[in-house]
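Breakdown of the fold
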Amino acid sequence: MGKCFSTLQFHASRCDGCGDCMTACALAKADTGDPAYSRIRILPKADSNGVELALCRQCADPICVMNCPSGALSKNSDSGVIDWAEGQCVNCLLCTAGCAYAGIVYEDAVGHVTKCDLCGGDPACVKACPSEALEYRTASRIFNAYADKEDMFCRGLAACHGCNSELLIRHTMRMVGPDSVVAAPPGCIPGMGTVGYNGQTGAKVPIFHSLLTNTATMLAGVKMQYNRVGREVTAIALAGDGGTSDAGFQSVSGAAERNDPILFICVDNEGYMNTGMQSSGVTPYGSWTSTTPVGGRMQGKPTEAKNLPVIMAMHNCSYVATASTAFLEDYYAKLEKAIEVAKTGMAYLHVYAPCPTGWRFPSAMTTQVCRMQVRTNFIALWEYDPGNGLRFTHPVNRPEPVAEYLKLVGKYRHLSEAQVAHIQHTVDAKIVYLRQLTQLAASRGP
Amino acid sequence: MHSKYIIVGSSHAALEAATAIRLIDAEGALTLLTRDAHPPYSPTILPYLVSGRARPDKVALRGPDYFRDNAIAFVPGAAVAALDPALSSLRLESGETWRYDRLLIATGAAPALPPVRGLADVPFHVLRSMDDAADLRQAIGQARSAIVLGAGLIGMHAAENMAKAGVAVSVVELQPHVLSGYFEPKASEIIEATFARNGVRLLLGQSLADVERQGEGCLATLADGKTIAADLLLVCTGVKPNIGFLDGSGIEVDSGILVDDWMRSNLPNIWAAGDVAQARGFWGGKIVNGILPNAVEQGRIAGLGMAGDAGVKPFPGAVLLNTYSFFGQQAISVGHGRAGDGFEIAESGGEDVYRRIVLKDGQLAGIATINDFVDAGIMWQLILRRTDLSPVKAAFIADPRRVGRQLMSQIWR
């Protein structure tokens with residue numbers, strides 16, 4: 001496989017053109033606040049409102065490098081940065097003829113061409129940006145670390161178009177690896193073929209189709225047997241929210257209380273999506289489902305979802321975390337911890353899985369829906385362990401209104417303004433509650 | 001010998017073609033045959049080797065690691081003597097025969113010598129190869145006076161180097177101005193004034209009628225009868241494509257090898273790119289556009305086509321383009337500066353600053369500046385994309401650098 005590189009991302013819609021990034025760049029690179037020395041340039045659009053960015057893209061097929069007659073420019077195969085070697089540059093400016101983005105430019109004051117070098121992986125502009133318009137994206141290391149690892153599921157799983165559960169389980173099992181045994185209770189994950197059809201399996205590791213009610217205990221027993229015969233395996237459950245929060249809850253709760261050494265992943269699509277979109281215990285207030293319809297008597301689910309991950313944290317098992325597939329770096333960090341923890345105690349990961357089929361949104365929008373769940377604080381990304389308590393891993397301090405998320409999803413299309421206001425209130429209250437838990441952890445001290 | 005791909009040449013067009021082939025075909029045998037004995041280098045670096053700013057051991061465009069990692073056979077010192085398209089074979093001057101499935105001719109150009117009486121009988125220098133550069137560097141070290149024949153980029157670069165080395169230089173140029181291929185008279189005058197200030201004697205609108213040997217150097221007689229004696233004579237009156245070895249092969253040539261928009265010659269399985277190729281001009285006709293970015297682009301297109309990439313895009317047409325530094329100042333030229341029917345010219349400047357913008361039908365046709373940096377790449381793109389500048393015309397004329405950057409950063413997203 002090739003290599004991926006970290007990169008600067010610019011969100012033009014969040015940029016107010018303050019220019020702090022340029023000042024920070026000039027300070028970092030030339031020890032002056034004069035933006036002429038900056039290698040990043042924020043420009044107002046030529047013919048309308050808004051801003052644009054002129055910056056080196058660190059191209060994969062860099063024409064500047066091809067145009068360089070002196071060998072002064074090269075693509076660094078470790079960092080991906082287009083390196084400029086001052087000693088070899090003859091100042092012919094032919095590199096500037098190769099760049100359509102003004103990524104490498106000549107400034108009279110500087111006296112030679114300059115270009116962004118990503119500050120060696122810690123860009124000063126990103127740190128200086130007050131509006132989060134610049135982000136340094138490092139997700140490439142996931143690709144570099146795991147792309148060559150074997151996919152533990154077979155090709156051709158029959159998940160719905162746009163389903164992120166397939167993405168999630170393939171990512172997950174790539175990291176967990178071959179020394180594992182998987183429990184998959186009834187739900188979308190077995191339904192898409194992971195447990196196989198007609199006597200054939202869909203996974204490359206041992207996988208069993210437990211009952212809705214006994215997944216955690218059965219898995220704990222299997223793990224116990226492996227321990228008995230002296231084989232170290234990761235015992236992992238890939239369950240839906242029905243198999244976790246409702247029918248499966250007593251066994252999950254029991255395993256958590258006993259701190260059985262298993263990794264239990266709840267893939268939460270907020271209902272029984274593969275049997276006809278019935279409501280579950282974690283279906284949010286206001287959702288249309290086939291059992292909480294919209295009509296004269298009911299406007300979607302009349303009651304609140306239970307906060308399952310918090311309930312799991314209250315069991316004091318070894319590790320509990322929430323995750324979203326729009327924030328894979330966050331998920332990978334948590335999965336890494338969970339795999340380690342599950343050698344000795346219970347790790348519970350609650351991953352949100354918006355369902356294009358059951359929630360009624362276009363299949364191309366799944367990741368955007370995931371992202372908006374986090375950006376509006378509809379879900380919060382956090383982790384918990386008994387020693388350190390609860391902490392946010394991706395705090396969203398300036399959330400967008402929850403209505404921005406709700407309007408993406410068809411199951412909320414009927415909501416009245418009052419219902420939306422109610423949901424906003426619930427979301428705010430949930431964040432306040434979680435914040436109190438984080439403060440509790442902080443006040444407990446070492 | 002046989003190789004699926006053979007590339008003749010080892011500079012920008014050849015190297016980009018090799019890289020492009022390897023993007024598509026990781027394994028097909030790929031061989032670079034080159035007349036030069038050195039690792040690949042750019043002709044553009046030569047004036048800097050003469051001045052000492054660049055060092056011969058630091059200018060290789062690719063090293064042995066690159067050829068090893070990409071499974072490319074690099075064969076230096078292999079001059080091709082003849083092409084036999086019927087047998088898909090090349091005969092080297094050594095007598096060796098190479099057979100190809102697909103051939104790229106990227107042999108570049110060689111100095112074109114002017115018809116000056118006596119030139120064959122006097123010692124003179126040219127500047128097209130690394131060996132030329134080493135010879136010239138050594139000669140400058142020993143000379144007190146020099147004649148540079150031709151005021152193109154190579155000649156002007158060399159004259160500057162000589163002046164800086166304390167040599168009394170005379171530049172003889174047939175045209176009334178220096179660098180007339182790139183700049184209009186007003187811009188050239190700024191460059192000329194700078195050279196004159198730095199002690200370079202410019203004899204413009206003059207030609208050399210006759211040279212004869214005088215001691216170790218030469219005595220030159222101009223067309224008007226004046227004579228100049230010099231220790232060193234450098235001839236840089238342009239270049240001509242290296243196509244001599246193609247005589248009798250049936251390949252169509254005009255000034256260079258005639259190619260279509262995919263760099264294919266008239267013969268099957270033979271491509272040509274770079275300074276040796278004569279391809280579509282952006283404003284019509286077929287031209288040899290001997291500039292580095294052109295060679296890069298053509299080499300890529302040829303390489304992708306040779307490897308059978310279905311997505312290869314045709315050559316959009318050659319645009320004249322150059323960036324030129326002289327005595328610490330910068331001159332940039334993209335497109336053409338011609339005036340005439342339907343062209344709108346905006347010219348501004350002062351004693352040592354200059355800008356000329358040429359627009360046609362609201363689109364950029366050319367821009368030339370001196371000591372007024374504009375991003376050549378952006379200007380080139382605005383021309384190639386035929387970007388409509390009418391909505392921002394006044395702003396563009398007032399500040400082409402800023403508005404160009406604004407437009408391109410908008411367009412690419």
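Residues numbered from 1 in each chain as written. Chains lettered and ligands numbered in written order. Predicted model: local features only at pLDDT ≥ 70, side-chain atom pairs only at ≥ 80, totals over all residues. Heavy atoms only, no water.

Here's the deal with the interface of chain B and chain A
Residue-level contacts link 39 residues of chain B with 36 residues of chain A. A buried area of about 3300 Å², summed over both sides, lies between chain B and chain A, and 57% of it is on carbon and sulfur atoms. Between chain B and chain A we count two salt bridges in total. Where Arg401 of chain B meets Glu107 of chain A, a salt bridge forms, and the shortest distance between an N and an O atom there is 3.4 Å. Joining chain B to chain A, the criterion identifies nine residue pairs in polar contact (both at pLDDT 80 or more). Breaking the side of chain B that touches chain A down by element, the ones donating at least two residues are helix H1 (12–24), helix H7 (292–306), strand S20 (321–326), strand S21 (329–335), helix H8 (376–384) and helix H10 (400–411) of chain B. In terms of residue count, the dominant contributor to the side of chain B that touches chain A is H10 of chain B (eight residues). Split into classes, the residues belonging to the side of chain B that touches chain A amount to 18 nonpolar, 12 polar and nine charged. (Contact = heavy atoms within 4.5 Å. Buried area = accessible area lost by both parts, 1.4 Å probe. Salt bridge = Lys/Arg side-chain N within 4 Å of Asp/Glu carboxyl O. Polar contact = N/O pair within 3.5 Å; in protein donor to acceptor, adjacent residues only side chain to side chain. Helix = DSSP H or I, 4+ residues; strand = E, 2+ residues; numbered from the N terminus. Nonpolar A, V, L, I, M, F, W, Y, C, P; charged D, E, K, R; others polar.)

Quick look at the pattern of salt bridges
A complete count under the given rule lists 37 salt bridges over all chains for this structure. Here Asp330 of chain A makes a salt bridge to Lys334 of chain A, at a shortest N to O gap of 2.7 Å. Within this pair, Asp330 of chain A and its partner Lys334 of chain A are both found in helix H12 (residues 328–341), separated by four residues, close to a single helical turn. Residue Arg355 of chain B pairs with Asp372 of chain B through a salt bridge whose shortest N-O separation is 2.7 Å. Of the two residues, Arg355 of chain B is situated in strand S23 (residues 354–360) and Asp372 of chain B in the loop between strand S24 (363–370) and H8; the sequence distance between them amounts to 17 residues. Here Arg355 of chain B falls in the buried class, since its relative accessible area comes to 14%. (Buried < 20%, exposed > 50% of the residue type's maximum accessible area, 1.4 Å probe, protein only.)

Observations concerning the nonpolar core
One finds Phe10 and Ile40 of chain A together with Val334, Leu364 and Met379 of chain B to be the most contacted residues of the largest nonpolar core, which totals 65 residues. Per-element accounting of this core gives the leading share, seven residues, to H8 of chain B. Leaving out residues up to four positions away in the same chain, Leu364 of chain B has contacts with Ile357, Val358, Leu359, Met379, Leu382, Ile383, Leu389 and Phe396 of chain B. By size, the runner-up hydrophobic cluster in this structure holds 53 residues, among which are Ala17, Val80, Tyr100 and Ala318 of chain B. (Core = buried A, V, L, I, M, F, W, Y, C linked by side-chain atoms within 4.5 Å.)

As for the sheet that holds strand S14 (residues 232–235) of chain B
All names here are of chain B. The sheet built from four strands is open, its strands ordered S10-S9-S8-S14 with parallel pairing. In this open sheet, the two edge strands, each paired with only one partner strand, are strand S10 (201–204) and S14. Across the sheet, the axes of successive neighbouring strands diverge by a mean angle of 15°, strand direction being ignored. Here strand S9 (residues 168–173) runs beside S10; their pairing, made up of four bridges, is parallel. Within S10, the position partnered with Ser170 by the bridge is Arg201. (Pairing = 2+ DSSP bridges. Axes fitted to C-alpha atoms, helices over the stretch in contact; angles between N-to-C directions.)

Details of the domain arrangement of chain A
Where the parts come together, the accessible area they lose is often given as the size of the interface. Assigned domains of chain A: these are domain 1 (7–141) and domain 2 (150–444). Here domain 1 of chain A and domain 2 of chain A have C-alpha centroids that lie 40 Å from each other. (Domains from an automatic or database assignment.)

What to know about helix H5 (residues 153–164) of chain B
Note: α-helices contain 3.6 residues per turn, so residues at a spacing of three or four share the same orientation. Residue and element names in this part refer to chain B. End to end, H5 covers 17 Å across 12 residues, agreeing with the expected 16 Å (1.5 Å per residue, within 8%). Across the 12 residues that make up H5, a large majority, nine, are buried. For H5, every residue scored as buried is listed here: Gly155, Met156, His157, Ala158, Ala159, Glu160, Asn161, Met162 and Ala163. Looking one or two residues beyond H5, the residue adopting positive phi is Gly166, at roughly 85°. (Expected span 1.5 Å × (residues − 1).)

Concerning the packing of helix H6 (residues 164–176) of chain A against H12 of chain A
Residue and element names in this part refer to chain A. H12 packs onto H6 with a crossing angle of 45° between their chain directions and a minimal axis gap of 11 Å. Taken together, the axes of H6 and H12 are oblique relative to one another. As H6 packs across H12, the resulting crossing turns out to be right-handed. Within the contact between the two elements, H6 uses Leu168, His171, Thr172, Met175 and Val176 and H12 uses Leu328, Tyr331, Tyr332, Leu335, Glu336 and Ile339. (Parallel < 35°, antiparallel > 145°, perpendicular 65-115°, else oblique. Left-handed = near helix turned anticlockwise from the far one by under 90°.)

Section: the domain arrangement of chain B
All names here are of chain B. Domain boundaries assigned for chain B yield domain 1 (2–110 + 239–306), domain 2 (119–235) and domain 3 (321–411). Across the contact, 18 residues belong to domain 1 and 13 residues belong to domain 2. Both faces combined, the contact of domain 1 with domain 2 buries some 1400 Å², and carbon together with sulfur accounts for 66% of it. Interface area lost by domain 1 to domain 2 is led by Leu46, Pro47 and Val50, which between them contribute 40%. Applying the counting criterion to the domain 1 and domain 2 interface returns one salt bridge.

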